[in-house]
Amino acid sequence: MALRTLFSKKAFTTASGFRPIAAGDRCFLRQARGLTVAALPDLAYDYGALEPAISGEIMRLHHQKHHQAYVTNYNNALEQLETAVAKGDASAVVRLQSAIKFNGGGHINHSIFWKNLKPVNEGGGEPPHSTLGWAIDTDFCSLEALVQKMNAEGAALQGSGWVWLALDKGSKKLCVETTANQDPLVTKGANLVPLLGIDVWEHAYYLQYKNVRPDYLKNIWKVINWKYASEVFDEETA
Amino acid sequence: MQHHTLSCCGGVRPSLPPPPLSFRWSKIKREGGRRLPRCARIAAQLELKPPPYSLSSLEPHMSRETLEYHWGRHHRAHVASLNNLIAGTDLDGMGLDEIVVVSYNKGNPLPLFVHAAQVWNHDFFWQSIKPGGGGRPSGRLMELIERDFGSFDRMLEEFKRAALTQFGSGWAWLVYKANRLDVGNAVNPCPSEKGNKLVVLKSPNAVNPIVWDYSPLLAIDVWEHAYYLDYENRRADYVSIFLEKLVSWEVVSDRLDVAIERAAERAREDETRRQEDDAAVTHSEAVEMYLDSDTDDSEAE
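In this text the structure is predicted, and so the values were computed from the model without any measurement. (Residues numbered from 1 in each chain as written. Chains lettered and ligands numbered in written order. Predicted model: local features only at pLDDT ≥ 70, side-chain atom pairs only at ≥ 80, totals over all residues. Heavy atoms only, no water.)

1. Considerations on the overall build of chain A
Right, on to step 1. Of the regular secondary structure elements, chain A holds nine helices and five strands.
Right, on to step 2. Within chain A, the fraction of its 238 residues that count as buried is 55%.
Right, on to step 3. Contacts in chain A between residues at least 24 apart in sequence constitute 66% of all its contacts with a sequence separation of at least 6.
Right, on to step 4. Carbon and sulfur atoms make up 54% of the accessible area of chain A, which totals about 10,600 Å². (Helix = DSSP H or I, 4+ residues; strand = E, 2+ residues; numbered from the N terminus. Buried < 20%, exposed > 50% of the residue type's maximum accessible area, 1.4 Å probe, protein only. Contact = heavy atoms within 4.5 Å. Areas by Shrake-Rupley, 256 points an atom, 1.4 Å probe, with all protein chains shown as cover.)

Structure (structure tokens):
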């Protein structure tokens, strides 16, 4: 049963959460009653391994509570959507879209985020070199300028959202974008591929940095995983 | 997009003392083509109002630490940013309600809207709660709750649902909604107090219902900073405690009385205007008929 349903096309193609979101992403899928659902991915490091930039307490809550809740609610919405589609209940299908967007987006974004971070003793914070490094210099003049821009955009974002370093697949240019709430980067452009995302929802920093979001943004660069960003960049520009 | 030096979440480090707020020198202002000296004007600007209780008196339901940050940092930073942005402009000296509505700009908000609205919202929020709050409302407020929601418990359920499904940052509200028509000079032809209702709403980020011409009665802040130190991710627990232990139904009731009176006054103004419009139409019709006729004697002649 498992092998046959693992690759079942029973699931609808519109829900992008089934397919890998970025190159190398392993957004674990599991089977529940024949429906392909999402699962909480494991972190590649301990909760406390990003200290002092991000506290272990925040990492634990962020992963085990917030991300888990998005996964749970996304799966619930998918199951309801499957039923609604089967019954031809268009009202229910439409009504479920916001829950899918919120929670599916939350799952997508956080799955990328955990890979964007790395402990310092495993290379976190080491600046990008070669291809991505040159692209940053070309499109932003310098890494410092890019960091400054992302920090400014992240600090100015009202309410909850994300700030992204994005690659435009069409033009092969890098750009900085923000999205509101849990909107994934593609909502800002179908050609945009996320290389780095920084969560600026208050839950991402409040216990440690309180209202001083700029301090969180300044410090997170010490644990940013540029290696992952380079891999995605190279794959998309190959 | 304008980038403020003080963002909506405050760039103030905890170690700095709070800045003075009551009066400040306005920025250089052009007048008649001549720049006034920098110290020529004092603009009386908006103040950070303290809550009507001490910062530790809401414990254990809302900690002193939360109040110190929420009121002392977030709310304070919005007041400072707002004063900074309105200084020397047309909005300087306006009342806060007006600044909120004007800066909302019919859904295309100006950069200062977030600060104006968050100052308004937080003033309103601190007044909505009190030590030893909770319980049940009574009198006219309870009657209207039962009329418009079926029961008090059903209103609470709806309020909780709004608070929990406001995705991202925002607020949930109980408002008094007057049955007014939205179109320019149109007047409700059958005005009746029964058309006015209590309604539960939610709004994103800084938006508040006065921009839709509703009368807010109760608000709960569901930005994460409002509950994260005390409840972490458990927004549901925060909302339940807010309703069971903190909300001041007396304040909500007073606001309802004001809202009902305001709605009645506006209905009277509408009625007066409608009568004046009717009279104008009648008068002009009579003149028309008179001029058309060439057999009657004219009073004017």
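Moving on from the coordinates now.
2. Quick word on the sheet that holds strand 4 (residues 173-180) of chain A
All names here are of chain A.
Right, on to step 1. Taken in spatial order, the three strands of this open sheet run 4-3-5, and their pairing is antiparallel. A strand with exactly one partner marks an edge of an open sheet, and here the two such strands are strand 4 and strand 5 (192-199). Across this sheet, the average inter-strand angle for adjacent strands is 25°, counted without regard to direction.
Right, on to step 2. Alignment of strand 3 (residues 161-168) against strand 4, held across eight bridges, turns out to be antiparallel. Note that in strand 4 the partner of Leu165 across the bridge is Val176. (Pairing = 2+ DSSP bridges. Axes fitted to C-alpha atoms, helices over the stretch in contact; angles between N-to-C directions.)

3. Remarks on the UniProt feature "domain: Manganese/iron superoxide dismutase N-terminal" (unreviewed entry) in chain B
Right, on to step 1. Within this numbering scheme, the UniProt entry marks residues 47-129 of chain B as carrying the feature "domain: Manganese/iron superoxide dismutase N-terminal" (unreviewed entry).
Right, on to step 2. Helix makes up 58% of residues 47-129 of chain B and strand 0%, and the two end C-alpha atoms of the span are 20 Å apart. (UniProt positions renumbered as here; feature names shortened; annotations may be inferred.)

4. Focus on the pattern of salt bridges
Right, on to step 1. Inspection of the entire model under this criterion finds 19 salt bridges over all chains.
Right, on to step 2. Of the charged contacts in the structure, one is a salt bridge between Asp139 of chain A and Lys173 of chain A, with a shortest N-O distance of 3.1 Å. Of this pair, Asp139 of chain A sits in helix 5 (residues 130-140) while Lys173 of chain A sits in strand 4, and the two are 34 residues apart along the sequence.
Right, on to step 3. Judged by its relative accessible area of 43%, Lys173 of chain A falls in the partly exposed class.
Right, on to step 4. Taking the shortest distance from any N to any O, the salt bridge between Arg262 of chain B and Asp213 of chain B comes out at 3.4 Å. Placement of Arg262 of chain B in helix 8 (residues 249-292) and of Asp213 of chain B in the loop between strand 6 (197-204) and strand 7 (215-221) is noted, with a sequence separation of 49 residues between them. (Salt bridge = Lys/Arg side-chain N within 4 Å of Asp/Glu carboxyl O.)

5. Describing the UniProt feature "domain: Manganese/iron superoxide dismutase N-terminal" (unreviewed entry) in chain A
Right, on to step 1. Residues annotated by UniProt as "domain: Manganese/iron superoxide dismutase N-terminal" (unreviewed entry) correspond here to residues 40-117 of chain A.
Right, on to step 2. The straight-line gap between the two end C-alpha atoms of residues 40-117 of chain A is 16 Å; of that span, 74% is helix and 0% is strand.

6. Considering the sheet that holds strand 5 (residues 170-177) of chain B
Residues and elements named next belong to chain B.
Right, on to step 1. Taken together, three strands build an open sheet; the order of strands is 6-5-7 and the sheet is antiparallel. On the outer flanks of this sheet lie strand 6 and strand 7, each paired with one strand and no other. Across the sheet, the mean angle separating the axes of adjacent strands is 20° when strand polarity is ignored.
Right, on to step 2. When strand 5 meets strand 6, the two strands line up antiparallel, connected through eight bridges. Opposite Trp173, over in strand 6, you have Leu201 as the bridge partner.

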